[in-house]
Structures are given as C-alpha cells and as structure tokens.
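Descriptive structure summary
Okay, here's what each chain looks like letter by letter:
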Amino acid sequence: MIREFFNQYGPMLWEGTLDTLYMTLVSTFFGYVLGLPIGIILTVTDQDGIHPNKVVYRVLDIIVNLLRSVPFLILLILVIPLTKAIVGKSYGSSATIVPLVIAAAPFIGRMVESSLKEVDRGVIEAAQSMGAGTFTIIFKVLLAEARTSLLVGVTIVTGTILGYSAMAGTVGGGGLGDIAIRFGYYRYQTDIMIVTIVILVALVQVLQAIGMYISQKLDHRKA
Amino acid sequence: MEPIIKVEHLCKSFQTKEGTVDAAKDISFSIEKGDIFGIIGLSGAGKSTLVRCLNLLERPDSGSVRVNGQELLSLSEGQLRKARQSIGMIFQHFNLLMQRNVLDNICFPLEIRGVSRGEARKRAYEYLKTVGMEEKARAYPAQLSGGQKQRVAIARVLANEPQIILCDEATSALDPQTTRSILSLLQQINKDYGITIVVITHEMAVIQQICTHVAVLDHGSLVEHGTVREIFESPKTEAARRLIIGSGSRGVDRMTGRRTIRIVFDGQSSYEPVIGNVTLAFGTPVNIMYAATRDLGGSAAGEMILQLPEDREIGDRMITYLRERKVIVEELDDMPGDELSGETEE
C-alpha cells in the first residue's frame, strides 16, 4: 500500500520538495541582497551608529515597518502586477519568489540590524582610533564580528520563508504548499497532506541544523 | 620645540536627562614629546572625555587640540583618519576583535593602511614578540587572560608605529600584579621607541609607577598639573590631596579628631631617623597613623601621616623642627572624609 502510494505520488512530492527548496533558497538569497544593505544602513545611521543620520534612519525605519505589517497573503495579491512584469506570469514557483523577497527583505533588514547592534561599541571605537573609515568598519568590524549572529539570522529567515512559500500554495504558488492545498484540502486526501507536512518539518530541521552547525563553527568568542 | 600635544581652552558638555553636564571646562595643558603624562581624577571627573578629545573620538564643543603641530579640529575626515594612525589608543576592556586570532588582530591596523597580507603578518609577529606573546599568535582573544589581551592590544597599537599612545583606564580591569607588568611594558615602550604616553586613571599608584607628569581633573576642570613629584610632595588643591593622600591612607581620618600632619621626605632626609629624633627632642611621642615609601619615577619618597600631641605649642615646634630638616609638612585639619570611602570606578 505504501509502495503504491509512492509510486503514484512520489514523483510529484519529490518535485514539490525541489520547488519548495528552490523558492526558499532563491528568495532567501535575494532577500539578503536587499535586506543586508537595509540592515547595515539602519545600523550605521541610527542615533549611536557610526554615521548618524536622522532622516535616512526614519524614512527607512517607516518603510520597513509598513512592509512588515502587511500580511503575507495580502502582499502576495498586491504585488501580482509587479510579479507579472518581472517573471511574466503570476503563478508557479518562480512567480512566488517576487512576493517572498519583498516580504523577507524588511524582515531580514531588522534581523541584520539587531545582529550588527550586538557588536561591542568599544571595538568599533578601537577601529576608529586606528583610523578605520566607515566601509572598513562595516565590513571588517560589524559584519565580521557579528557573523555568528548573522548566520543564526539566516537560519531563522530560511525557516520563515519556507513557511511563507507554503502559504503561497493557496494562490497557485507551486511547491509542497501547493500540493498540500490541492490534494489535502480540496480533495480530502489526508495522507498526502500528512506526508507534505512531514517533508516540510524535515526540511526545516535540516536547514536549521546546517545553519547552527556553520555558525557554531565560525564562532571564536568562547574559550 | 612645540609640545607634541597642546590643548587649549577645550570645552565639552553633554545633554542628559538630568540636564547639561560639563565634562570638560576650559582645559589647557601641553605634553612634551617622550613624556609619560598622567591624567587622574575620580569617576565622573571627565578623564575619559578628555582623552577621547585627543584623537577626536569625542569632538570638543570649542577650543583647540594640536597634535604634532596639527590642529585636529580643522582636519577633514580623511586627514583625521590619517592623523589617528599616529595616535594609538588602548582601552579598559581591551576591545580586541573577538572573531580574529591574535595575529590577525595585530594585522588589522595594517590592513587599514593597505599593507599587503604577507608583510602585515611578518610585522605583526615582530610586535607580538615585543610584548612577549608570540606563543599565542594563533589563539583567539576569548582564550586569553586580561593581561594577555592588553598585551595584544598594545602590540596592535605598536603595529601602526604611533608617536603617541593614549591609555584609557588601561589597567583598571586588571589585578595589581598584572597592572604592574602592563605598566612596565608601557614604560619600556616609552623608553625604546620614544613614544609619548598619556595615561588616564583613577589610581595614584599607576601615576606613581610610570608617569613623569600629572594633571588632576575634578568635575571637568583641570585643577592642578606639574611633575609627579611636585604634585605628590605638595598638592595645592583639595582634589589633588584627596587623590594622593587617599591613595594610601583610607580610613585614617575616621580615627580621631586630633591634630594630624602629613610629611613627605625624599631620599636625602630619609637617611636621618626624623621621627625618632622628634620624639627624643621633645620628650613626647607622636602617633604614626600611616607610613609608606613610594617609588616616584625612579626615586624613593617617604610619606607619613602623624598625629601630634594635644599641646598646640609642642605641635608647632615639632613642625618647625621637621621643616628645618627639609621635610615637607602639611597640616591635615580637613582630612577628606566620606567622599573617599564611597569611591568606586565606573
């Protein structure tokens, strides 16, 4: 019976898993392409940052908060025109990446900001006293010293995006979420629903474990 | 020759919730090349602000800061970064990069200058040897003790080949023995490389061990400055007295209300057993409350706090007797009291 099940649905589930991984990883990557600079700018321009700038900080802060407060499902629909413009269609895994990136970027910005703010003020001061410029401090002090915390952030973000990508299934987003909705919900095939959930849980666990392992490996703060 | 550091009419205030705090009030002083200059004050006296104004980590509200003949306040961002490379700074909490090993920490200032990686490592290793830490080149700061971390921080500063090293409470987080070894290292560096050193501290012992000159800060004002010997032998202000006398004899004041004097004698007068002679000459004993010999920049100085007999006239004659024998005498009718006992550093 189990064999029969996997013969029938195995290829579909495997494809769904790959789709989910594809959406998650690509969205995380582009999310960081946008979110990392946001986090850096928020940290640097904040009141006690290395280049305080009230206007830049406030504007960015408000944009981030606005985007963060739009529920993902609504955002998914709101950005359909943009998705069509970029990907050419509004359904499927590639199309889901656009709203995922837009939803993830401000969230990533906040994660990065909080990681960078953990860097000891004194170490930044020491770098300044050696004649380090803003870019040197950003790359060699802030990002380098906060790397463990940043990687923990990546792990959390990946997990969150994985969850969001499943949500996109409700509007034809592709991946495991899509399968769970179509078979498990619309066609009452509870067995498929359960299998997709198990796969999703396993994916989160694996990603989490990999992220934590790397961040531990790179941490030299403990004796 | 122009002094290496010349500060004039420096003012700096901060806005806090409780109102404006004047951290530096019209401060002027200069430091000659090769000096080890101490700045001492109780916590909140404005020491850290003052030392941060010397490399503009803190920008003064007004005044002038000339380092090496260059007015720092008129420099552009880029010029200031360049100028800072010749002004090293070490900190109370060491401020090493925790994710880099010892050798790479020392390479950091060289990377900022654009020195190639190979060359940087070679030089870093040399300075690591100077501070006696070459065995820990591959260790990470988290694996080092406080004293070792400060040695690495000193090597990191030396890598920039600075003309000045600013020490912001550099030994305050260390135990007394480690403090002494770090101070001797700084003294050695001063001697070997001719680097001018500015030491910020709240401990008179630190000043005594290495400084040639000292300035006393009190509530944002520079109240007294001169050679360490001058200030130690005859402190003129209340703040200086509190720091100097307080450094060895806490609690003496709480013992009695009788007439108390502080005497200071140098190598010369300490050949003669002055106190014994006083007692013999007047047939009345004096009570020794506190006595110590201190090393002031290489020469010994003795310090005692004595309680004189009740009889005012005998007391006066004893003071005259001591002064005739080149002993510096100071009456302590207003020994600092509780202000001392509550003193702790931030």
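Residues numbered from 1 in each chain as written. Chains lettered and ligands numbered in written order. Predicted model: local features only at pLDDT ≥ 70, side-chain atom pairs only at ≥ 80, totals over all residues. Heavy atoms only, no water.

Looking now at the packing of aromatic side chains. According to the stated counting rule, one finds five aromatic pairs over all chains in the structure shown. Note on A:Phe72 and A:Tyr164: the rings are 4.6 Å apart at their centroids and 15° apart in plane angle, and the pair reads as stacked. With A:Phe72 in helix α3 (residues 72-78) and A:Tyr164 in helix α8 (residues 147-167), the pair connects residues that are 92 residues apart, well separated along the chain. Under the relative-accessibility criterion, A:Phe72 is labelled buried at 6%. Centroid distance B:Phe282 to B:Tyr321: 5.8 Å. Interplanar angle 80°. Geometry classified as edge-to-face. A residue pair is termed long-range when its members are at least 10 positions apart, and B:Phe282 in helix α10 (residues 274-282) and B:Tyr321 in helix α11 (residues 312-324) qualify at 39 residues. Residues B:Phe282 and B:Tyr321 agree in their burial class; the two are buried. Lying across the ring of B:Phe232, B:Arg262 places its NZ or CZ 5.1 Å from the centre. If you follow B:Arg325 out to its NZ or CZ, it ends over the ring of B:Tyr321, 3.6 Å from the centre. (Phe/Tyr/Trp six-rings, centres within 6.5 Å; stacked < 30°, edge-to-face > 60°. Helix = DSSP H or I, 4+ residues; strand = E, 2+ residues; numbered from the N terminus. Buried < 20%, exposed > 50% of the residue type's maximum accessible area, 1.4 Å probe, protein only. Lys NZ or Arg CZ within 6 Å of the ring centre and 35° of its normal.)

This next bit is on the pairing of strand β9 (residues 213-218) of chain B. Residue and element names in this part refer to chain B. When you tally the buried positions in β9, you get five out of six residues, the bulk of the element. Of the pairings in the sheet, the one linking strand β3 (residues 36-40) to β9 comprises four bridges and is parallel in character. Directly across from Gly38, in β9, lies its bridge partner Val214. In this antiparallel pair of consecutive strands, β9 and strand β10 (residues 221-227), the connection spans two residues, and His219 shows a positive phi of 45°. (Pairing = 2+ DSSP bridges.)

Residue and element names in this part refer to chain B. Structurally, the position occupied by Leu332 is in the loop between β14 (328-331) and α12 (338-341). Taking the C-alpha atoms as reference, Leu332 lies 38 Å from Lys17; in sequence the two are 315 residues apart. When residues no more than four places from it in sequence are discounted, the contact partners of Leu332 are Arg241, Ile245, Thr260, Ile261, Arg262 and Ile305. (Contact = heavy atoms within 4.5 Å.)

Moving on to the pattern of salt bridges. Counted according to the given criterion, the structure contains 28 salt bridges over all chains. Among the ionic pairs, B:Glu111 bridges to A:Lys140, the shortest N-O distance being 2.6 Å. Taken together, the positions of B:Glu111 in helix α3 (residues 102-113) and A:Lys140 in helix α7 (residues 134-145) put the pair across two chains. With a relative accessible area of 31%, A:Lys140 lands in the partly exposed category. The shortest N-O distance in the salt bridge between B:Arg66 and B:Glu2 comes to 3.2 Å. Of this pair, B:Arg66 sits in strand β4 (residues 62-67) while B:Glu2 sits in the segment before β1 (5-16), placing them 64 residues apart in sequence. Ionic contacts of the salt-bridge type, sharing partners, join the residues A:Asp46, A:Arg58, A:Asp61, A:Arg110, A:Glu113 and A:Lys117 into one network. (Salt bridge = Lys/Arg side-chain N within 4 Å of Asp/Glu carboxyl O.)

Opposite the 24 residues of chain B that make contact, chain A presents 25 residues. Interface area, chain B with chain A, both sides summed: about 2,100 Å², of which 58% is carbon and sulfur. Viewed at the interface, chain A and chain B are joined by two salt bridges. At the boundary of chain B with chain A, the tally comes to eleven residue pairs in polar contact (both at pLDDT 80 or more). Broken down by secondary-structure element, the contributors of at least two residues to the side of chain B that touches chain A are α2 (77-84), β6 (87-91) and α3 of chain B. Counting residues per element, the side of chain B that touches chain A draws most heavily on α3(B), which supplies four residues. Its residues assigned to classes, the side of chain B that touches chain A comprises twelve nonpolar, six polar and six charged. (Buried area = accessible area lost by both parts, 1.4 Å probe. Polar contact = N/O pair within 3.5 Å; in protein donor to acceptor, adjacent residues only side chain to side chain. Nonpolar A, V, L, I, M, F, W, Y, C, P; charged D, E, K, R; others polar.)

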